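# Observations on chain architecture
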Amino acid sequence: MANVKNIQVNKDRLWESLMEMAKIGATAKGGCARLALTDLDKQGRDLFVQWCKDAGCTVTVDRMGNIFARRPGRNNDLPPVVTGSHLDTQPTGGKFDGVYGVLAGLEVIRTLNDHKFETDAPVEVSVWTNEEGSRFAPAMVASGVFAGVFTEEYGHSRTDLDGKTIGEELKRIGYLGDAPVGGRPFKAFFEAHIEQGPILEADRRTIGVVQGIQGMRWFEVTVTGSESHAGTTPMPRRKDAMLGCARIVDRINRIALDHKPGVSTVGLVKVSPNSRNTIPGNVFFSVDLRHPQDETLLKMKAALEAACAEICGELGLAYECKEVWNSPAVHYDKGCIAAVRKAAEEAGYAHMDITSGAGHDAGYINRVAPTAMVFVPCADGISHNEIESATAEDLAAGCNVLMRAMLEHAA
Ligand SMILES: [Zn+2]
């Protein structure tokens, strides 16, 4: 049997498979529109399933439409080592987000077949339904049901803008499987993905050893002052809610800079009465705070609350700062992270530890199985865009790392 050290994935075959899949839902600007559970999603799934069957896999579909393609091992009583991602895209999505993680898994299986490489544990490739959350909210709903975060009833009853449910649409396209969702032990789970950010490219690293996903807290702040005439109200007598908002927004920016590598965003502002010659009496705005460490994120929250109190106190304004969402940081499994790092080192790729700024199915799978991720660079860090781009070399490098990390657990 071949030594894993000498095995390389087939770069051209991986690239050609990505380009073949990208024809399904291809957009004019070179991207992909393959929304979850549409006819195009069905075509993409059918192509993937056919490829897996051609590679000798058995295919199981669960009741959320998650697909598991299994290459048997020597000991099929062992739980499988699993990799995978998603085939659905944003309406103006790219060719690589998600699809890469699925087809990298298939390429691992094809490479093992080429070399007649037997693993001890079975190896599986998974496709998670509706990762993007673009047609049906929330995102990552099916890996969430798999991990016990949501119930199956909740998953099936999510609706799109036309009122169609996930359950109905799964049935319509023939992917309402009969396998139960979850309760399927994994020895380990790995997800390969484009970074969707600029860090690897800027640092000239081929592989990101993903430590986890940063924590996120959302707030809604309302600042209340008093409306009055813009021409007749002397400056000292004003209670200008917009001024309070502006000063708080500046401080929110400062909070992230003071808590590196945290990020902070005010993306939605509603000014009332929104009239050019009336001093604003009321401003509502959103705050998005993120940081890889929950303790630091908590300090950022405290700094936000302190800024609101201090600034509104100075300006004689009333305020309310309400937390509306808290998604704790995800920390991947130390053993799986070490396997990814070792694989990158042994394969000779420049690599660095990195934290994901975006959510991924692996974040939920991490709750029920030892999990880690492999990132590869994408051009200018751009994703969720038709111009999303990655090189065949980097994609193959990530696939080689994925294969070695999987074999570390399966061989
Ligand atoms: Zn993705």
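What comes next is a walk through the structure. (Residues numbered from 1 in each chain as written. Predicted model: local features only at pLDDT ≥ 70, side-chain atom pairs only at ≥ 80, totals over all residues. Heavy atoms only, no water.)

### Some remarks on the overall build of the protein chain
Assigned secondary structure in the protein chain consists of 12 helices and 16 strands. Relative to the globule expectation of 22 Å for 411 residues, the C-alpha radius of gyration of the protein chain, 24 Å, shows essentially globular dimensions. If you line up the protein chain on its principal axes, its C-alpha atoms span 85 × 45 × 40 Å. With 411 residues in all, the protein chain has 53% of them scored as buried. (Helix = DSSP H or I, 4+ residues; strand = E, 2+ residues; numbered from the N terminus. Rg over C-alpha atoms; globule rule 2.2 N^0.38 Å. Buried < 20%, exposed > 50% of the residue type's maximum accessible area, 1.4 Å probe, protein only.)

### Brief notes about the packing of helix 10 (residues 334–347) against helix 12 (residues 392–410)
Axis separation between helix 10 and helix 12 bottoms out at 8 Å; the angle between their running directions is 130 degrees. Classified by the angle between their axes, helix 10 and helix 12 sit oblique to one another. Helix 12 is crossed by helix 10, and the crossing has right-handed handedness. For the pair helix 10 and helix 12, contact is made by G335, C336, A339, V340, K342, A343, A344, E346 and A347 and by V401, R404, A405, E408 and H409, respectively. Of the residues belonging to the contact of helix 10 with helix 12, the class tally is eight nonpolar, two polar and four charged. (Axes fitted to C-alpha atoms, helices over the stretch in contact; angles between N-to-C directions. Parallel < 35°, antiparallel > 145°, perpendicular 65-115°, else oblique. Left-handed = near helix turned anticlockwise from the far one by under 90°. Contact = heavy atoms within 4.5 Å. Nonpolar A, V, L, I, M, F, W, Y, C, P; charged D, E, K, R; others polar.)

### Comments concerning the coordination of the zinc ion
At the metal site, the zinc ion is ligated by H86 (NE2), D97 (OD) and H193 (NE2), and these contacts range over 2.0 to 2.2 Å. Each donor residue of the zinc ion belongs to the same chain, with the gaps between them written as H-x10-D-x95-H. Highlighted residues: D97 in the loop between strand 3 (81–85) and helix 3 (99–114) and H193 in strand 5 (residues 188–194), separated in sequence by 96 residues. A single burial state applies to D97 and to H193, both of which are buried. (Donors = N, O, S within 2.8 Å, 3.2 Å for Na, K, Ca; no water.)

### Some words on the environment of H259
Take H259: it is sitting in the loop between helix 8 (241–258) and strand 9 (263–265). In this structure, the C-alpha to C-alpha distance between H259 and T296, residues 37 residues apart in sequence, is 7.2 Å. Aside from chain neighbours lying at most four places away, what touches H259 is H291, T296, K299 and M300. Engagement of the side chain of H259 in a polar contact is seen with the backbone oxygen of I255, the distance being 2.8 Å. (Polar contact = N/O pair within 3.5 Å; in protein donor to acceptor, adjacent residues only side chain to side chain.)

### Overview of the packing of helix 2 (residues 39–54) against helix 3
Running from amino to carboxyl end, helix 2 crosses helix 3 at an angle of 15 degrees, the nearest separation of the two axes being 10 Å. Considering their axes alone, helix 2 and helix 3 lie roughly parallel with respect to each other. Regarding helix 2 and helix 3, the two cross each other, and that crossing is left-handed. Here helix 2 contributes F48, W51 and C52 to the contact with helix 3, which in turn contributes V102, L103, L106 and R110. Its residues assigned to classes, the contact of helix 2 with helix 3 comprises six nonpolar, no polar and one charged.

### Description of a nonpolar patch on the surface
Together, W218, V324 and W325 make up an exposed nonpolar region whose accessible area comes to about 280 Å². Mapped onto the fold, W325 is located in strand 13 (residues 318–327). (Patch = residues over 30% accessible without salt bridge, like charges linked within 9 Å, V, L, I, M, F, W, Y side chains within 5 Å. Areas by Shrake-Rupley, 256 points an atom, 1.4 Å probe, with all protein chains shown as cover. Salt bridge = Lys/Arg side-chain N within 4 Å of Asp/Glu carboxyl O.)

### Considering the pairing of strand 5
Each regular strand carries side chains that alternate between the two faces of the sheet. Taken across its seven residues, strand 5 has seven buried, putting it largely inside the fold. Here strand 5 shows a buried face lined by A188, F190, A192 and I194 and a second buried face lined by F189, E191 and H193. As defined by bridge partners, strand 3 adjoins strand 5 across three bridges and the pair is classed as parallel. Residue V81 lies in a different strand from strand 5, and its bridge partner there is A188. (Pairing = 2+ DSSP bridges.)

### Section: the nonpolar core
Burial of nonpolar side chains together is a common tendency in soluble globular proteins. Grouped together as the largest cluster of nonpolar side chains are 95 residues, with contacts concentrated most on F48, L103 and F190. Looking at this core, the element that brings in the most residues is helix 12, giving 11 residues. Discounting residues that sit within four places of it in the chain, F190 has contacts with V81, V82, T83, G84, C336, A339, V340, A372, L402, A405, M406 and H409. Core analysis: the second largest hydrophobic core is formed by 23 residues, I248, L297, C308 and L317 among them. (Core = buried A, V, L, I, M, F, W, Y, C linked by side-chain atoms within 4.5 Å.)

### Regarding the side chain of H86
Among the structural elements, H86 can be located in the loop between strand 3 and helix 3. A residue is classified by how much of its surface remains accessible, and H86, at 0% relative accessible area, is buried. Polar side-chain contacts of H86 include one of 3.2 Å to the side chain of D97.

### Remarks on the side chain of S383
If you trace the backbone, S383 turns up in the loop between strand 16 (371–376) and helix 12. Within the structure, S383 has its side chain in polar contact with the side chain of Q196 (distance 2.9 Å). In this view, S383 contacts D97, I194, Q196 and E388; residues no more than four positions away in its chain are not counted.

### Focus: the pattern of salt bridges
Evaluation of the coordinates by the stated rule reveals 24 salt bridges. One salt bridge connects R254 with D258, and the closest N-O pair in it is separated by 3.8 Å. In this pair, R254 and D258 both sit in helix 8, four residues apart, roughly one turn of the helix. Between E346 and R404 there is a salt bridge whose closest N-O contact spans 3.7 Å. Separated by 58 residues along the polypeptide, E346 in helix 10 and R404 in helix 12 bring together distant segments of the chain. Several salt bridges share partner residues, and in doing so they unite D39, R135, D160, E169 and R172 into one network.

### Quick word on the packing of aromatic side chains
Evaluated as defined, the whole model comprises 11 aromatic pairs. On the basis of an interplanar angle of 70 degrees and a centroid distance of 6.1 Å, the ring pair of W128 and F189 is categorised as edge-to-face. Of this pair, W128 sits in the loop between strand 4 (123–127) and helix 4 (141–146) while F189 sits in strand 5, and the two are 61 residues apart along the sequence. You can call W128 buried: its relative accessible area is 1%. Overall, F189 belongs to the buried group, its relative accessible area being 0%. An aromatic cluster is defined as three or more aromatic residues linked by ring pairs; in this entry it consists of F68, W128, F146, F186 and F189. We note R110 situated over the ring of W51; from NZ or CZ to the ring centre the distance is 5.3 Å. Geometry around F284 places K270 over its ring, the cationic atom sitting 5.4 Å from the centre. (Phe/Tyr/Trp six-rings, centres within 6.5 Å; stacked < 30°, edge-to-face > 60°. Lys NZ or Arg CZ within 6 Å of the ring centre and 35° of its normal.)

Purely geometric stuff here, so don't read any function into it on its own.
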